[in-house]
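As a plain string of letters, each chain reads:
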Amino acid sequence: MNNQWVQSANDFYIREVSQNVASLPPAIYKLDENPMTGELYLTQVMDKYEFPYKVYGIESKFIDRVKTTYDSTKGNLGILLNGVKGTGKTVTSKQICNKMDLPVIVVNTPFDNIPDFINNIQQDIVIFVDEYEKIYTDRDHSVLTIM
């Protein structure tokens, strides 16, 4: 099976064959679900994360280390940021996403078939789940299998 991306306006779908996009371009995508079919798809929401405030680069060594580790690793690289509220976990994560220059898929809704959708993507991507415990409260945690 050869899955490729199909673009319709700002929405991207995984399809087996049709007029396709060769690969998902680097940008920020929101994962969504078609309410009629239950099919997951991506909507491009922005080219990269923008910060309307001054970012001082305190975590730049850590971000550079993540990028260097990714570049020298074959396979998956997972990053888990944990800490007190307001310490910059989300900002650091968004800076990492920008630095990677890969498609970023933002997961902020607990859809049931996310692992299947993600496993069908045949290119390097970033999966960004901000505040996992708020999204996946009492639900199936099979989404952890993609990490």
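Scroll up to find the structure this text is about.
Caption draft 1: Quick look at the nonpolar core. Among the nonpolar cores identified, the biggest contains 22 residues, and Trp-5, Leu-31, Leu-42, Ile-114 and Phe-117 are the most heavily contacted of them. Among the secondary structure elements, those contributing two or more residues to this core are β2 (11-15), β3 (28-33), β4 (40-46), α3 (114-119) and α4 (132-135). It is α3 that provides the largest number of residues to this core, a total of three residues. Non-local contacts of Leu-31, meaning those with residues more than four positions away in its chain, are made with Leu-40, Tyr-41, Leu-42, Ile-105, Val-106, Val-107, Phe-111, Ile-114 and Phe-117.

Caption draft 2: Fine view of helix α2 (residues 89-100). Here α2 spans 17 Å end to end across 12 residues, near enough to the 16 Å set by a 1.5 Å rise per residue. Three or more residues of α2 are buried, namely Thr-92, Ser-93, Gln-95, Ile-96, Cys-97 and Met-100. The inward-facing, buried residues of α2 abut α1 (60-71), β5 (104-106) and β6 (126-128). In the stretch just after α2, Asp-101 is the one whose phi turns positive, near 55 degrees.

Definitions and cut-offs
Residues numbered from 1 in each chain as written. Predicted model: local features only at pLDDT ≥ 70, side-chain atom pairs only at ≥ 80, totals over all residues. Heavy atoms only, no water. Core = buried A, V, L, I, M, F, W, Y, C linked by side-chain atoms within 4.5 Å. Buried < 20%, exposed > 50% of the residue type's maximum accessible area, 1.4 Å probe, protein only. Helix = DSSP H or I, 4+ residues; strand = E, 2+ residues; numbered from the N terminus. Contact = heavy atoms within 4.5 Å. Expected span 1.5 Å × (residues − 1).

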